[in-house]
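Listed below are the residues making up each chain.
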Amino acid sequence: MSNQQKLGLGGHSFIEALGNDPEASFEEQCQIVAACLDNGIHVIDTTFYQERVALGRVLQELGRRDEAHIIAWNFFQHAGQTDILVSSTRYEAHHIDIMLEELSTNRIDTLVIHRHDNKERLLQEFELVRQWLASGKIKRVALGMVKGDDLLQLDASAPISCVLAPYNAFTREAEAIFIDAKARGYEVIALSPFVRGWKLDEIGEDKAKVADILLRWAVGSELVDLVIVSMRKSEWVATNLATVQRGALSDEEALQVEGWVERLGGK
Ligand SMILES: NC(=O)c1ccc[n+]([C@@H]2O[C@H](COP(=O)([O-])OP(=O)(O)OC[C@H]3O[C@@H](n4cnc5c(N)ncnc54)[C@H](OP(=O)(O)O)[C@@H]3O)[C@@H](O)[C@H]2O)c1
């Protein structure tokens, strides 16, 4: 992927829940993805199955699958619960073909295993993803929502090369594990620079300025290789790219962030 930005597009851009604005229309979704691909944002995350279906349709419509790096997580459709967001499911052999069909593709660039504490089950998932890697159905494997000593539990043969976790000015628990991940040579992906957008309202100041500062806080972290943000309006793409261009926070802005965190709680 040439000319890649430090930003990725979040899958919550394609659903109504977990954000501020209403669900984007199909035309808007196409414009958002096209604006991303045109401007060096190639990594597109899909967490819930609804997001895989939506992104698959959009990339087909645009004819631009090969320009996207698709991330996909183990959140599946449950019978009778098609409209709600369900929790993650441990991978089983049949899951990969379902995911590929939902995405209308023949490969997933980064397959995410949602972290959990069952070591034996995790080893079974590692065995499955090794088979999927060998078959070319997935290109690499990440561990998602990492926390605590997750990485210490992995031996050197674990098929992981990337980690993802929420990491923003208000949520910094992942810092220690990101340091460990970097030392292991893993790619580090930070999620939710705006805490689903909710902090933009809670702070109660000029929203555009707040978004600019919070995004620069996340992108400015040397621990982070990529920041995934969801955008339900195509104009956010240019706005957020311009923000990234502005670079590191000034001392005054960094102090302002700590003031917000102190006032609203977090870290
Ligand atoms: N947070 C988690 O626990 C988690 C877990 C797994 C995966 N992820 C991934 O991380 C992605 C990002 O996380 P997130 O969606 O939770 O939160 P987020 O990216 O921090 O916030 C998204 C919200 O910020 C708003 N926004 C984006 N750019 C803006 C701008 N320039 N000015 C004002 N508002 C702006 C969007 O508003 P609009 O609604 O107006 O577009 C959206 O509602 C998800 O989509 C998903 O792919 C997150």
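Since the structure is predicted, the reported quantities are computational estimates derived from the model, not experimental observations.

Criteria and cut-off values
Residues numbered from 1 in each chain as written. Predicted model: local features only at pLDDT ≥ 70, side-chain atom pairs only at ≥ 80, totals over all residues. Heavy atoms only, no water. Helix = DSSP H or I, 4+ residues; strand = E, 2+ residues; numbered from the N terminus. Buried < 20%, exposed > 50% of the residue type's maximum accessible area, 1.4 Å probe, protein only. Contact = heavy atoms within 4.5 Å. Areas by Shrake-Rupley, 256 points an atom, 1.4 Å probe, with all protein chains shown as cover. Lys, Arg positive; Asp, Glu negative; His and termini not counted. Charge placed at Lys NZ, Arg CZ, Asp CG, Glu CD. Salt bridge = Lys/Arg side-chain N within 4 Å of Asp/Glu carboxyl O. Pairing = 2+ DSSP bridges. Right-handed = clockwise from strand over helix to strand, strands pointing away. Polar contact = N/O pair within 3.5 Å; in protein donor to acceptor, adjacent residues only side chain to side chain.

**A word on the overall build of the protein chain**
Phase 1 of the analysis: The helix and strand tally for the protein chain stands at 9 helices and 8 strands.
Phase 2 of the analysis: Out of the 267 residues in the protein chain, the part that is buried amounts to 54%.
Phase 3 of the analysis: For the protein chain, long-range pairs separated by at least 24 residues make up 75% of all intrachain contacts whose partners lie at least 6 apart in sequence.
Phase 4 of the analysis: Counting only carbon and sulfur atoms, one obtains 49% of the accessible surface of the protein chain, whose full area is about 12,000 Å².
Phase 5 of the analysis: Separation of charge centres in the protein chain, based on 28 positive and 41 negative side chains, amounts to 3 Å.

**Quick notes on the pattern of salt bridges**
Phase 1 of the analysis: Counted according to the given criterion, the structure contains 20 salt bridges.
Phase 2 of the analysis: Measuring nitrogen to oxygen at the nearest pair gives 2.9 Å for the salt bridge that ties Asp97 to Lys137. One end of the pair, Asp97, is in helix α3 (residues 95–103); the other, Lys137, is in the loop between α4 (119–135) and β5 (141–144), with 40 residues separating them in the sequence.
Phase 3 of the analysis: Assessed through its relative accessible area of 42%, Asp97 is described here as partly exposed.
Phase 4 of the analysis: Exposure remark for Lys137: the relative accessible area of 26% places this residue in the partly exposed category.
Phase 5 of the analysis: The residue Arg140 makes a salt bridge to Glu187 at a minimum N-O spacing of 2.8 Å.

**Considerations on the pairing of strand β7 (residues 187–191)**
Phase 1 of the analysis: For β7, the buried fraction is high: 4 of the 5 residues fall into the buried class.
Phase 2 of the analysis: The pairing of strand β6 (residues 162–166) with β7 spans 5 bridges and is parallel. Opposite Leu164, over in β7, you have Ile189 as the bridge partner.
Phase 3 of the analysis: In the classification by handedness, the crossover that spans β6, the intervening helix α5 (residues 175–183) and the parallel β7 is right-handed.
Phase 4 of the analysis: One ladder, built from 3 bridges, connects β7 with strand β8 (residues 226–229); its direction is parallel. Following the sheet pairing, Leu191 is matched in β8 by Ile228.

**Topic: the side chain of Lys199**
Phase 1 of the analysis: Take Lys199: it is sitting in helix α6 (residues 198–202).
Phase 2 of the analysis: Of the polar contacts made by the side chain of Lys199, one reaches the side chain of Glu202; its length is 3.2 Å.

**Side note on the environment of Ile138**
Phase 1 of the analysis: Topologically, Ile138 is positioned in the loop between α4 and β5.
Phase 2 of the analysis: Overall, the relative accessible area of 1% leaves Ile138 in the buried class.
Phase 3 of the analysis: Not counting residues within four places of it along the chain, the set of residues in contact with Ile138 comprises Ile96, Ile108, Leu111, Val129, Trp132 and Leu133.

**So, the environment of Ser13**
Phase 1 of the analysis: Relative to the helices and strands, Ser13 is located in the loop between β1 (7–9) and α1 (26–38).
Phase 2 of the analysis: In this structure, the C-alpha to C-alpha distance between Ser13 and Ala24, residues 11 residues apart in sequence, is 7.4 Å.
Phase 3 of the analysis: The contact partners of Ser13, leaving out residues within four places of it in the chain, are Ala24, Ser230, Met231 and Arg232.
Phase 4 of the analysis: Here Gly10 takes part through its backbone oxygen, which lies 2.6 Å from a polar atom of the side chain of Ser13.

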